[in-house]
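Residue-level listing of the chains:
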Amino acid sequence: MSSVDRMCKPLRRAIAWQILRLLLCPLLALPPQTVRAAQAEPPTELNIVIVEGQGAVNNLRQRVVREPIVRVEDQNHKPVAGALVSFLLPGNGAGGTFPNGAKLLTVTTDANGQAVARGIKANNVSGQYQITVTASSGTVSATATISQSNIAAAAAGGAAAGAAISAKLIVVLVIVGAAAAGGAAYAVTRGGNSSSTVTQTTGLSAGSPSVGAPH
């Protein structure tokens, strides 16, 4: 190593430490709250938005319920990830069960704040029921209800057939009404060129019989 290199080596080392110090000092000077700024603040309010499943009609023959989907939002209507969402089915009457016969299912919202109640099977009872949805995150929570109905396959088919018959009847009535209106209009327009004939009907009535002395 030449004398020039020996002289420059300490200088280069000093410059390298100076550069490293310039890079580290701003980071070390940051307060703890600034470092935690990237972390999401806990919500102060929760809102449950029903995405799918509201008003669904489930066919009892298929025994499968339309899966409810909800989205959990904060006070600024932004999705809340990692919130706990519980779906509770009715204890009796119309309704269904989750896998293993459970009435309660708890899931966690995804990055979009959505939670899905998978695997519901309808029972054999027809009627309307409600699914109670509860969401919680930190110290705040919210509750909502999803209304659904179980209906027998025959009833569903009858309702569809009745709706079809009603639609056909409406069409027929509209056609008949239009034809009647057309006939009336034709009669009015032709009334000035035709003479009207009045037909008088004479009715015959039997008189009361009389009984007299013999002649």
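Residues numbered from 1 in each chain as written. Predicted model: local features only at pLDDT ≥ 70, side-chain atom pairs only at ≥ 80, totals over all residues. Heavy atoms only, no water.

### Some points on the overall build of the protein
- Of regular secondary structure, the protein possesses three helices and 10 strands.
- Along the protein, from the amino end to the carboxyl end, the secondary structure elements read α-α-β-β-β-β-β-β-β-β-β-β-α.
- Residue burial in the protein is summarised as follows: out of 215 residues, 21% are buried.
- Contacts spanning at least 24 positions in sequence make up 63% of the contacts within the protein whose residues lie at least 6 apart.
- For the protein, the exposed area adds up to about 15400 Å²; of that, 60% sits on carbon and sulfur atoms. (Helix = DSSP H or I, 4+ residues; strand = E, 2+ residues; numbered from the N terminus. Buried < 20%, exposed > 50% of the residue type's maximum accessible area, 1.4 Å probe, protein only. Contact = heavy atoms within 4.5 Å. Areas by Shrake-Rupley, 256 points an atom, 1.4 Å probe, with all protein chains shown as cover.)

### Here we look at the sheet that holds strand E10 (residues 140-151)
- Pairing is mixed in the open sheet, where five strands are placed in the order E2-E10-E9-E4-E6. The sheet is open, and its two borders are formed by strand E2 (56-59) and strand E6 (104-108), each paired with just one other strand. With strand direction ignored, the average angle separating the axes of adjacent strands in the sheet is 25 degrees.
- Pairing of E2 with E10 involves four bridges; the strand directions are parallel. Looking at E10, one finds that Ala-56 is bridged to Gln-148. (Pairing = 2+ DSSP bridges. Axes fitted to C-alpha atoms, helices over the stretch in contact; angles between N-to-C directions.)

### Comments concerning the sheet that holds strand E1 (residues 47-52)
- The strand order E1-E3-E7 describes an open sheet built from three strands, whose pairing is antiparallel. With partners counted over all chains shown, the strands left at the sheet margins are E1 and strand E7 (114-116), one partner each. Taking each pair of neighbouring strands and ignoring which way they run, the sheet shows an average axis angle of 30 degrees.
- Across three bridges, strand E3 (residues 69-73) lies against E7 in antiparallel orientation.

### A short note on the confidence of the model for the protein
- Confidence along the protein averages 76 in pLDDT terms, with 59% of residues attaining 70 or more.
- When the criterion is pLDDT under 50, residues 34-39 qualifies, and its contacts beyond four places in sequence or with other chains add up to one contact. (pLDDT = per-residue confidence, 0-100.)

### Some details on the nonpolar core
- Counting residues in hydrophobic clusters, the biggest one holds 25 residues, and the most contacted among them are Val-70, Val-85 and Phe-87.
- Mapped by element, the contributors of at least two residues to this core are E3, strand E4 (84-88), strand E9 (127-137) and E10.
- Residue contacts for Val-85: discarding those within four places in its chain leaves Val-70, Val-72, Leu-105, Thr-106, Val-107, Thr-109, Ala-115, Val-133, Thr-134 and Ala-135. (Core = buried A, V, L, I, M, F, W, Y, C linked by side-chain atoms within 4.5 Å.)

### A look at the environment of Val-57
- Mapped onto the elements, Val-57 comes out in strand E2.
- Sequence separation of Val-57 and Ile-151 is 94 residues, and the distance between their C-alpha atoms is 6.8 Å.
- Not counting chain neighbours up to four residues away, the residues in contact with Val-57 comprise Ser-149 and Ile-151.

### Thoughts on the pattern of salt bridges
- Throughout the structure, instances matching the rule amount to two salt bridges.
- Among the salt bridges present, the one from Arg-118 reaches Glu-67, with a minimum N-O distance of 3.7 Å. One end of the pair, Arg-118, is in the loop between E7 and strand E8 (121-122); the other, Glu-67, is in the loop between E2 and E3, with 51 residues separating them in the sequence.
- Relative accessible area serves as the criterion here: at 53%, Arg-118 is assigned to the exposed category.
- The partner of Arg-71 in a salt bridge is Glu-73, and the shortest N-O contact between them spans 3.0 Å. (Salt bridge = Lys/Arg side-chain N within 4 Å of Asp/Glu carboxyl O.)

### Quick word on the side chain of Asp-74
- Structurally, Asp-74 is set in the loop between E3 and E4.
- Despite being buried, Asp-74 has no salt bridge partner; Lys-78 is the closest side chain of opposite charge, sitting 6.3 Å away.
- If near-sequence neighbours (up to four positions away) are discounted, Asp-74 is found in contact with Pro-43, Glu-45, Asn-47 and Val-80. (Lys, Arg positive; Asp, Glu negative; His and termini not counted.)

### Structural notes on a nonpolar patch on the surface
- On the surface, a nonpolar cluster with roughly 300 Å² of combined accessible area is contributed by Ile-15, Ile-19 and Leu-23.
- With respect to the helices and strands, the residue Leu-23 is situated in helix H1 (residues 3-28). (Patch = residues over 30% accessible without salt bridge, like charges linked within 9 Å, V, L, I, M, F, W, Y side chains within 5 Å.)

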